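# Architecture at a glance
Chain residues, written in single-letter form:
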Amino acid sequence: MGAKNKVIFGRIYRSATSCSTESQSNPKFSSSISIASIFKSFKRKLVVGSFHSTPSFKSYVETCASLLRRCSCTHRLLSGLALHGHAVKCGISSDRSVFTKLLTMYSECNRPADQNRIFIEFACSDIFSWNFMITDLARSGDIDTASNLFDQMPERNVVSWTIIIDELVKRGRVRDALGYFDRCPCHTVVSYTAMMNGFARNGMYLDGLLMFRRMIRYGLMPNEITFTCVITACGGCGEFDFANSVVGMIIKNVFGQNLSVCNSLITLYLRMGDAGMARKVFNGMVERDVVSWTALLDVYFQMGDLKEARHVFNEMPDRNEVSWSMMIARYSQSGEAVEALWLFKHMLCNGFKPNISSFASVISASASLENLLHGRSVHSHVVKFGCENDIFVASSLIDMYSKCGKSDDARWIFDSLSMKNIVCWNAMVGGYFYDGRMVEAKHLFMQLPERNAASWNAMISGFVQNELYEDVLETFNEMLTSGQVPSRMTFSSVLLACASLPSLEKGKNLHAKTIKLGIATEIFVGTALTDMYAKSGDIESSKSVFCMMPEKNEVSWTAMIQGLADSGLAEESLALFEDMKKTDINPSEPMFLSILFACSHCRLVDKGFHYFESMDKVYGITPKERHYTAMVDLLSRAGLLREAEDFIKKMPIQPEANTWAALLSGCVTHGNDGIGERAAKMVIELERQSTAGYVLLSNIYASVGRWKDVAKVRTLMRETGITKGGGCSWIQIRDCFHAFYSWDSNHPNALEIYEVLELLIPEMIPCML
DNA sequence: ATAGGGTTAG
């Protein structure tokens, strides 16, 4: 009988379990039929006495438990009651697995009274089993029933209190946990530590530290776990002075060699920005585990030494999901998106299960590469692992789809989220902006349930991306009126808008605000200010902001070098470039563009060639089309038109239309219609829709008096349907903008203005040469 | 009862 029963019950058990997994993945799947049929066959096999042999008894218990679980999932109270009756009859109702499922079933079917009744019947007066029951309920996800049960306990010990506090904390219910903590009559180190950990886990670091102080005042001695929690809390809220005194206590109490204390210390020193100390702690450890090694990885990442971090990762004695996620996250954050994708692939190949962090980071990497194919494939993994409802993963998916131009897909994910936080909303607003869907973006912004600085920044930078600078300023004002304090990122965007607008006043105003907030010399703000002043023509202010910045990056230097070059201060620009080379910042591609531009304006042909050649030879930067164009411009401006043409012919890459346009423009200045015609032909061929080639060509013909050809070009332009877009310049006098267009001069004071201009031109010409 | 990793904005 035994062997046969084992098979039969085994089969029932399997079908019951497979049903219940099915119902989990598809809540609509109604299983009243299948559960009834399983139940029927279960009853049929239920011959009293047949489950006394061990294997079949075990199967029977398992079957009963899994059927009960099925009942609780589908809210089948009647089947549940019947099963309960059988379980009692067969004497298995107090078996742990059956009993817990009975509790869950009653809880799911909304019968708390029955639930409590059976609990009290079966597990009376034994604190240990109460505690066990509460833990079990909480771990199976039913924290409410667990706390309900806790309230009914006839007596409780320290462990009971600790369990309920800890379980509440793990589910983010710190306030409830604190309620229990305050009611607890007998505090121990453990209950205090559980509460502190609860605060730290939920980002309430300061409350955690207050709890620590309370514990010390209470006269309890912290243990190594308490210290680990305190250190984490200090690091979280930046209380570094307090952290140092805690370190003193740790050493005094001889916990300085404890593994987890040291692990938390590495991260603490890292947060304090002291990578050296972090490394020192690691070096001094007698025992290290994956956590220590992963923390060390982060030390190198913070120092910006990706190579060493990679080396540590390769040499680590042990790796887990967290170490892999750390690598993926940091590479993605450092702009090494391709490497992040590669790491993710290898994480899977090495048999590691991707977690939420690695998903979020790798999706973010696909977003920055705008790699829809890869993004979609990761998305499918996300669904496979059931992470699609996680807000971190979903926010990055929303971002990824938007960046790939699929804002409708992003919206679909956004709408399918039951729990959204502010990040999801901001990502969706930013997504619409990225896709140029202004109406939807603005509409969604209005609907935001709450707004933080990032929401406003998404809106402001969204307008910047779409070149709607007036809206940028308007939104910025709204932001100020709403009481939201602008961040450095806000200023960075708004200043960019100012640089593109004809108003220096607005920029100065912002500068004043940044000074008030004490962020004027902060790297991003300072760089934006430097750029804004340079682009607005106030190069002196630009220089002074730049000089005040204590820390400068590659972008800051580029802004200043470019600003000087654009303002005609070519020598100064080159001198600054030489200064920069003395720092540990390496010249970049756009920087060389400014340098070549500066050389070109000063007619420094040899110097220009020197810099151009150093790009590849010294810095390993392959010159791009634009650099070749700058060189052609350099030669053409200096009148070396034949050399310029030869230079183009020898280019290892295909010249862009602008390369020929630079030569063409040199031909205009130096009146060479022979080369000019060839150049113009190339410009027109490479860029059919552009007017530049035609206009310059007609200018050449005009300069050498070939009026018939001028007319021919103009006719050709008309025939191909190209119209010349005009230039425009403007000046602000108080609140009024005066604009001047190249195609007409209908300014009210046009006559007077042109009269004055006539007077000024003879004085200006010597300067222009 | 613990320590290491995560999303948006420049």
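Rules behind the numbers
Residues numbered from 1 in each chain as written. Chains lettered and ligands numbered in written order. Predicted model: local features only at pLDDT ≥ 70, side-chain atom pairs only at ≥ 80, totals over all residues. Heavy atoms only, no water. Helix = DSSP H or I, 4+ residues; strand = E, 2+ residues; numbered from the N terminus. Buried < 20%, exposed > 50% of the residue type's maximum accessible area, 1.4 Å probe, protein only. Contact = heavy atoms within 4.5 Å. Areas by Shrake-Rupley, 256 points an atom, 1.4 Å probe, with all protein chains shown as cover. Salt bridge = Lys/Arg side-chain N within 4 Å of Asp/Glu carboxyl O. Axes fitted to C-alpha atoms, helices over the stretch in contact; angles between N-to-C directions. Parallel < 35°, antiparallel > 145°, perpendicular 65-115°, else oblique. Left-handed = near helix turned anticlockwise from the far one by under 90°. Nonpolar A, V, L, I, M, F, W, Y, C, P; charged D, E, K, R; others polar. Near = heavy atom within 4 Å. Polar contact = N/O pair within 3.5 Å; in protein donor to acceptor, adjacent residues only side chain to side chain. Phe/Tyr/Trp six-rings, centres within 6.5 Å; stacked < 30°, edge-to-face > 60°. Arc of directions from axis to C-beta. UniProt positions renumbered as here; feature names shortened; annotations may be inferred. Core = buried A, V, L, I, M, F, W, Y, C linked by side-chain atoms within 4.5 Å.

A few words on the overall build of chain A. Counting secondary structure elements, chain A contains 43 helices and 2 strands. Within the span of chain A, comprising 769 residues, buried residues form 46% of the whole. Sequence separation of 24 or more characterises 58% of the internal contacts of chain A that already satisfy a separation of 6 or more. Of the roughly 39000 Å² of accessible surface on chain A, 55% is carried by carbon and sulfur atoms.

Applying the stated criterion to the full structure yields 22 salt bridges. Arg173 is the salt-bridge partner of Asp144, the closest N and O atoms lying 3.2 Å from each other. Here Arg173 lies in the loop between α9 (158–170) and α10 (174–183) and Asp144 lies in helix α8 (residues 143–152), a separation of 29 residues in the sequence. Accessibility expressed as a relative area gives 48% for Asp144, which makes it partly exposed. In this structure, Glu440 and Arg437 form a salt bridge, with 3.0 Å as the shortest nitrogen-oxygen distance. Relative accessible area serves as the criterion here: at 29%, Glu440 is assigned to the partly exposed category.

Here the focus is the packing of helix α16 (residues 275–284) against helix α17 (residues 290–302). What describes two packed helices is the angle between their axes and the distance between those same axes. Axis separation between α16 and α17 bottoms out at 10 Å; the angle between their running directions is 155 degrees. Classified by the interaxial angle, the pair formed by α16 and α17 is roughly antiparallel. Judged by the sense of rotation from one axis to the other, the crossing of α16 with α17 is left-handed. Contact residues: α16 offers Ala275, Ala278, Arg279 and Phe282, while α17 offers Ser292, Trp293, Leu296, Val299 and Tyr300. Broken down by class, the residue content of the contact of α16 with α17 amounts to 7 nonpolar, 1 polar and 1 charged.

Around DNA strand B, 46 residues are found, and the nearest of them are Ser260, Asn320, Arg330, Asn355 and Ile356. In DNA strand B, the atoms that sit within 4 Å of the protein are 46% sugar and phosphate, with bases accounting for the remainder. Between DNA strand B and Asp289 there is a distance of 3.3 Å, counted from a base nitrogen to a side-chain nitrogen or oxygen. When residues in the surface near DNA strand B are grouped by element, the largest group, 6 residues, is from helix α19 (residues 321–333).

Right, let's get into the packing of aromatic side chains. On inspection of all chains with the given rule, the structure shows 24 aromatic pairs. Look at Phe313 and Trp324: their rings are 5.0 Å apart centre to centre, the planes differ by 85 degrees, and that puts the pair in the edge-to-face class. With Phe313 in helix α18 (residues 306–315) and Trp324 in helix α19, the pair connects residues that are 11 residues apart, well separated along the chain. Accessibility assignment for this pair places Phe313 and Trp324 in one class, buried.

With that settled, consider helix α26 (residues 438–447). Those residues of α26 lying buried are Met438, Ala441, Leu444 and Phe445. Buried residues along α26 cover an arc of 135 degrees about the axis, so they all sit on one side. The exposed set on the far side of α26, more than 90 degrees from its buried face, consists of Val439 and Met446. Against the buried residues of α26 lie α24 (407–416), α25 (422–434) and α27 (453–465).

Along the chain, Ser395 turns up in helix α23 (residues 391–403). A polar contact of 2.5 Å, which involves the side chain of Ser395, links it to the backbone oxygen of Ile391. The contact partners of Ser395, leaving out residues within four places of it in the chain, are Val423, Cys424 and Ala427.

This brings us to unusual backbone geometry. Phi is positive for Glu370, close to 50 degrees, though the residue is something other than glycine. With respect to the helices and strands, the residue Glu370 is situated in the loop between α21 (356–369) and α22 (372–384). Its identity as a non-glycine residue notwithstanding, Glu467 has a phi of 60 degrees, on the positive side. Of note, Glu467 is situated in the loop between α27 and α28 (469–481).

Let us look at the UniProt feature "repeat: PPR" (unreviewed entry) in chain A. Here the UniProt feature "repeat: PPR" (unreviewed entry) sits at residues 126–160, 188–222, 289–319, 320–354, 390–424, 452–486 and 553–587. Overall, residues 289–319 shows 74% helix and 0% strand. The separation of its end C-alpha atoms is 10 Å.

Before going further, it helps to examine the side chain of Ser636. Mapped onto the secondary structure, Ser636 falls in helix α37 (residues 625–637). Leave out the neighbours within four places in its chain, and Ser636 touches Leu641, Ala644, Ala662, Leu663, Gly666 and His670.

It is the contact of helix α33 (residues 554–566) with helix α34 (residues 570–582), at a shortest axis distance of 7 Å, that shows an interaxial angle of 160 degrees. The orientation of α33 relative to α34 falls into the category roughly antiparallel. Our pair here, α33 against α34, has a crossing hand that is left-handed. Contacts between α33 and α34 pair Trp557, Met560, Ile561, Leu564 and Ala565 from the former with Ala570, Glu572, Ser573, Leu576, Phe577 and Met580 from the latter. Considered class by class, the residues forming the contact of α33 with α34 number 9 nonpolar, 1 polar and 1 charged.

Let's shift gears to the nonpolar core. Counting 161 residues, the largest nonpolar core has Val98, Met195 and Leu297 as its most contacted members. When residues no more than four places from it in sequence are discounted, the contact partners of Met195 are Ile165, Val174, Ala177, Leu178, Phe181 and Met211. With 57 residues, the next largest nonpolar core counts Ile561, Leu576, Leu641 and Met651 among its residues.

Assignment of secondary structure puts Ile398 in helix α23. Taking the relative accessible area as the measure of exposure, Ile398 reaches 0% and is therefore buried. Considering only alpha carbons, one finds Ile398 and Asp408, 10 residues apart in sequence, at a separation of 9.6 Å. Leaving out residues up to four positions away in the same chain, Ile398 has contacts with Ala410, Ile413, Phe414, Cys424, Ala427 and Met428.

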